[in-house]
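# Overview (structure and organization)
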Amino acid sequence: VSSDLQLAYLQDERHVNSLFAGYTGNYGAHQLQTNLRQDNNSQYGTANTGLLGYGYAFSDTWRATTSYSTAFRAPSFNELYYPGYGNAAVKPERSINTEAGLHYTLNEHNVDVTYFDNHTTDLIAGYPAQNINEARTDGWELSYAGQFGDTGVKATATIQNPRDANTGAQLPHRAKQHGSVAFTQKLDALQLGAEWLYSDARMDGGHTLDSYSVFNLTAAYALSKQLKLSLRADNLTDQNDSNVYGYNPLGRTYFVNMSYQQ
């Protein structure tokens, strides 16, 4: 081990003291939310962040929302010091995030359409870790959740443009399109579930990571009011498309769980 690496690991602890205050109010058809937070980080000093959100209900079924928020993220010890990946010169991320959405609710059905625009300064990305001076991700998210008797349906779809704001290059590990669809079916004491996850191609350094689809199955059986047996099969088709170049993902995996709740 080199002396430089030994010195890099001399920083082995960090203390963060935080203060948080928030307010949520409803005034007829109007909703207001404000949050303020201060983090005092022993390694990076003081960071102040906050959120201001507003919503307006046009009717019992339609509501519009908008928000403006800021965020701060200090690099992890892995991003700073892990051999071959860490970079002790990495700086914290700071971001400004804006959203506007339209929401529809009727009985057991919910539809949400949201536009988002996130600007991040010194985004931590890449291998080894490094800062991207100005990053931007803007796009749309559509989601649906509904219940048809004993059948539940959830679906989400995101179309976005994650890019280096200076060069236009696609940000590492961020797909331009991704989504999911999930179904649940209740049969007395038995509940079955199926889930499909999709991600478009992503970049990792100079490599393109292929798009992928993952299928998962679940089953849960209530043996009694207190005892439940759960089964889960992830990556049922054993897809082998990596999320990080050079690292294989988990293959087909199975889980069995027994839970007891009084």
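Everything numeric in this text was worked out from a predicted model, so none of it was measured.

### Structural notes on the overall build of the protein
- In terms of helices and strands, the protein carries two helices and 15 strands.
- Each principal axis of the C-alpha distribution contributes one length, and for the protein these read about 65 × 50 × 45 Å.
- By residue count, 28% of the 262 residues in the protein fall in the buried class.
- Summed over its atoms, the accessible surface of the protein is roughly 16500 Å², and 55% of this surface lies on carbon and sulfur atoms.
- Within the protein, the 25 negative side-chain charges are centred at a point lying 3 Å from the centre of the 17 positive side-chain charges.

### Quick word on the packing of aromatic side chains
- Enumeration over the complete set of coordinates arrives at six aromatic pairs.
- Judged by centre distance (5.8 Å) and plane angle (45°), the rings of F77 and Y81 are tilted. Note that F77 and Y81 are positioned in helix 2 (residues 77-81) at a spacing of four residues, about one turn of the helix.

### A closer look at the environment of S213
- On the secondary structure map, S213 appears in strand 13 (residues 212-222).
- Sequence spacing of S213 and S180 is 33 residues, and the spatial spacing of their C-alpha atoms is 9.3 Å.
- When residues no more than four places from it in sequence are discounted, the contact partners of S213 are W196, L197, Y198, T237 and Q239.
- Reaching out from S213, the side chain makes a polar contact with the side chain of W196 at a distance of 3.3 Å.

### Structural notes on the pairing of strand 10 (residues 190-199)
- The sheet contact formed by strand 9 (residues 177-187) and strand 10 spans 10 bridges and is antiparallel. Directly across from S180, in strand 10, lies its bridge partner L197.
- Hairpin connection of strand 9 to strand 10: two residues between the antiparallel strands, including D188 at a positive phi of 55°.
- Pairing analysis gives 10 bridges linking strand 10 to strand 13, with the strands arranged antiparallel. Within strand 13, the residue paired with L192 across the bridge is A219.

### Some remarks on the side chain of D138
- Relative to the assigned elements, D138 resides in strand 7 (residues 130-148).
- A polar side-chain atom of D138 sits 2.7 Å from a polar atom in the side chain of R163.
- Residue contacts for D138: discarding those within four places in its chain leaves Y115, F116, D117, I159, Q160, N161 and R163.

### A word on the pairing of strand 3 (residues 45-57)
- Pairing of strand 2 (residues 30-41) with strand 3, which is carried by 12 bridges, proceeds in the antiparallel orientation. Paired with N40 across the bridge in strand 3 is T46.
- Between the antiparallel neighbours strand 2 and strand 3 lie three residues.
- Pairing of strand 3 with strand 4 (residues 62-73) involves seven bridges; the strand directions are antiparallel. Across the sheet, the residue bridging to L51 is S69, located in strand 4.
- Count of turn residues in the strand 3/strand 4 antiparallel hairpin: four residues.

### A short note on the pattern of salt bridges
- Scanning all chains against the criterion turns up nine salt bridges.
- Among the salt bridges present, the one from K91 reaches D122, with a minimum N-O distance of 3.7 Å. Of this pair, K91 sits in the loop between helix 2 and strand 5 (93-106) while D122 is found in strand 6 (residues 109-125), placing the two residues 31 residues apart along the sequence.
- The exposure class assigned to D122 is buried, which follows from its relative accessible area of 14%.
- With its nearest N and O atoms 2.8 Å apart, the salt bridge here joins D117 to R136. Placement of the pair is D117 in strand 6 and R136 in strand 7, with a sequence separation of 19 residues.

### Overview of the environment of S59
- Examined against the element boundaries, S59 turns out to sit in the loop between strand 3 and strand 4.
- Taking the C-alpha atoms as reference points, S59 and Y104, separated by 45 residues in sequence, lie 9.6 Å from one another.
- Reaching out from S59, the side chain makes a polar contact with the side chain of T61 at a distance of 3.2 Å.
- Looking at S59, its side chain comes within polar contact range of the main-chain nitrogen of W62, at 3.2 Å.

### Comments concerning the confidence of the model for the protein
- Within the protein, residue pLDDT values average 91, and 95% of them lie at 70 or more.
- Between residues 1-8, whose pLDDT stays under 50, and residues either more than four places distant or in other chains, the model counts four contacts.

Procedures and definitions
- Residues numbered from 1 in each chain as written.
- Predicted model: local features only at pLDDT ≥ 70, side-chain atom pairs only at ≥ 80, totals over all residues.
- Heavy atoms only, no water.
- Helix = DSSP H or I, 4+ residues; strand = E, 2+ residues; numbered from the N terminus.
- Buried < 20%, exposed > 50% of the residue type's maximum accessible area, 1.4 Å probe, protein only.
- Areas by Shrake-Rupley, 256 points an atom, 1.4 Å probe, with all protein chains shown as cover.
- Lys, Arg positive; Asp, Glu negative; His and termini not counted.
- Charge placed at Lys NZ, Arg CZ, Asp CG, Glu CD.
- Phe/Tyr/Trp six-rings, centres within 6.5 Å; stacked < 30°, edge-to-face > 60°.
- Contact = heavy atoms within 4.5 Å.
- Polar contact = N/O pair within 3.5 Å; in protein donor to acceptor, adjacent residues only side chain to side chain.
- Pairing = 2+ DSSP bridges.
- Salt bridge = Lys/Arg side-chain N within 4 Å of Asp/Glu carboxyl O.
- pLDDT = per-residue confidence, 0-100.

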